[in-house]
Amino acid sequence: MIPRRVLVAGATGYLGRFVAKEFKSRGYYVRALARSPHKLDDMRGELDEIVAAEVTDPKSINDVCDGMEVVFSSIGITKQKSKLTWKDVDFQGNKNLLDVARRTGVQKFIYVSVFNGPDLRHLEIVKAHEGFVDVLKASTMNYAVIRPTGFFSDMAEFFEMARRGRVYLVGSGEDRVNPIHGADLAVTCVDAVDGERQEIDVGGPEILTYREIAELAFRVQGKPVRISSLPVFAMRLVSSAIRVFSRHQGELLAFMTTAMTGDVVAPRTGQRKLEAYFHGLCGQ
Ligand SMILES: NC(=O)c1ccc[n+]([C@@H]2O[C@H](COP(=O)([O-])OP(=O)(O)OC[C@H]3O[C@@H](n4cnc5c(N)ncnc54)[C@H](OP(=O)(O)O)[C@@H]3O)[C@@H](O)[C@H]2O)c1
């Protein structure tokens, strides 16, 4: 049987790596798109092809979808520092990729936005994600939009703060989240290729308060629990002030403040627990 062919854009990132592996484990031919292919050196044996290209440079991606049936993209700015904005990458970069996918006859485009995206468009990062979703929906392309809660990789921030001795929470820390491991989310992403649903909210198996996550981070490291709560109004003031000097950093802080001051609980999937993930970080 001829394997189905997928382009994984974002394969050098936390989620993209798991998605590339999940596609491979289901027998797909996997082409990974990377602006820094060396980041995939440890995965060369697991991928069929690696193409060097930049979604923000349309000429470089002209041929990347040739022969592909499916495009998956988790391309987006998270912690990367450069002059590029979310609009340049999350919106325009993914739009450039969609244009190429449409021209080359790709059958389905799977895209990763954020949970509650449609209600959070006032935040720049979400506006870029959901702006692209609008373009995707308006196109003739068959699509699925995945809207996950926080990834385990983001919860690692709590682990690092605990390692340094104190975790700072925004507000009371009593808001809840069900974070998800990249491998569990990858299953949902790949299932979406043959699924009927076009918009998929998804989170991990455990619902925890931010305070419980902080306590877990200390417990796993055998350290005394030291938690400080930062008032929400102060965080809002600080993010507005930082915006004056760095719009990007100010927006990141505003996004974080919003994420930690309201429940972020989506339909549950997967089995991987945060405690095991934190234990895995202990050796690093
Ligand atoms: N982390 C979370 O908790 C969370 C929750 C919900 C949704 N999301 C969204 O899910 C997506 C994937 O998240 P992740 O944690 O896997 O992110 P990640 O580890 O930072 O990976 C992002 C991917 O996008 C690529 N990228 C970033 N800036 C780029 C640029 N200027 N040009 C080309 N490619 C660029 C990265 O390539 P390089 O390796 O070359 O930088 C990487 O492959 C993001 O859009 C994020 O907003 C994340």
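Here's a quick rundown of the structure. All figures in this text were calculated on a predicted structure; none of them were measured in a lab.

Cut-offs applied
Residues numbered from 1 in each chain as written. Predicted model: local features only at pLDDT ≥ 70, side-chain atom pairs only at ≥ 80, totals over all residues. Heavy atoms only, no water. Helix = DSSP H or I, 4+ residues; strand = E, 2+ residues; numbered from the N terminus. Rg over C-alpha atoms; globule rule 2.2 N^0.38 Å. Buried < 20%, exposed > 50% of the residue type's maximum accessible area, 1.4 Å probe, protein only. Contact = heavy atoms within 4.5 Å. Lys, Arg positive; Asp, Glu negative; His and termini not counted. Charge placed at Lys NZ, Arg CZ, Asp CG, Glu CD. Pairing = 2+ DSSP bridges. Axes fitted to C-alpha atoms, helices over the stretch in contact; angles between N-to-C directions. Polar contact = N/O pair within 3.5 Å; in protein donor to acceptor, adjacent residues only side chain to side chain. Near = heavy atom within 4 Å. Areas by Shrake-Rupley, 256 points an atom, 1.4 Å probe, with all protein chains shown as cover. Nonpolar A, V, L, I, M, F, W, Y, C, P; charged D, E, K, R; others polar.

Glancing now at the overall build of the protein chain. Counting its secondary structure elements, the protein chain contains 9 helices and 11 strands. Scaling as 2.2 N^0.38, a compact globule of 284 residues should have a C-alpha radius of gyration of about 19 Å, and the protein chain matches this with 19 Å. Judged by the C-alpha coordinates and their principal axes, the protein chain covers about 55 × 40 × 35 Å. Taking all 284 residues of the protein chain together, 49% fall into the buried category. A sequence separation of at least 24 residues applies to 75% of the contacts in the protein chain between residues at least 6 apart. Placing the 38 positive and 35 negative side-chain charges of the protein chain at their respective mean positions leaves the two points 4 Å apart.

Another aspect to go through is the sheet that holds strand 1 (residues 5-9). The 7 strands are arranged 3-2-1-4-5-6-9 in an open sheet whose pairing can be described as parallel. With one partner strand each, in any of the chains shown, strand 3 (49-52) and strand 9 (199-202) form the two edges of the open sheet. Sheet twist, expressed as the average angle between the axes of neighbouring strands with direction ignored, equals 20°. Sitting on the sheet, helix 3 (residues 124-138) touches strand 5 (108-112), strand 6 (142-148) and strand 9, and the angle it makes with strand 5 is about 165°.

Relative to the helices and strands, Ile 61 is located in the loop between strand 3 and strand 4 (70-73). Judged by relative accessible area, which is 0%, Ile 61 ranks as buried. Sequence separation between Ile 61 and Leu 33 is 28 residues, and the spatial gap between their C-alpha atoms is 9.0 Å. In this structure, Ile 61 is in contact with Leu 33, Ala 53, Glu 54, Val 55, Asn 96, Leu 97 and Val 100, ignoring residues within four places of it in sequence.

Within the secondary structure, Ser 113 is located in the loop between strand 5 and helix 3. Overall, the relative accessible area of 3% leaves Ser 113 in the buried class. Engagement of the side chain of Ser 113 in a polar contact is seen with the side chain of Glu 130, the distance being 2.7 Å. Filtering out sequence-adjacent residues up to four positions away, Ser 113 remains in contact with His 129, Glu 130, Val 133, Val 145, Ile 146, Arg 147 and Pro 148.

Here we come to the site of the ligand. What surrounds the ligand is a group of 25 residues, the closest being Thr 12, Tyr 14, Arg 35, Lys 39 and Thr 78. Within the side chain of Arg 35, a nitrogen or oxygen atom sits 2.7 Å from an oxygen atom of the ligand. For the ligand, an oxygen atom lies 2.9 Å from a polar atom in the side chain of Asp 154. Starting from 890 Å² of accessible surface for the ligand in isolation, the protein chains cover 92%. Of the residues that constitute the shell around the ligand, the class distribution is 10 nonpolar, 11 polar and 4 charged.

Attention now moves to the environment of Arg 166. Relative to the helices and strands, Arg 166 is located in the loop between helix 4 (152-164) and strand 7 (167-170). We classify Arg 166 as partly exposed; its relative accessible area is 33%. It is 5.0 Å that separates the C-alpha atoms of Arg 166 and Arg 226, two residues lying 60 residues apart in sequence. Dropping the residues within four chain positions of it, Arg 166 is found in contact with Met 161, Phe 218, Arg 226, Ile 227 and Ser 228. Side-chain polar atoms of Arg 166 contact the side chain of Ser 228, separated by 3.0 Å.

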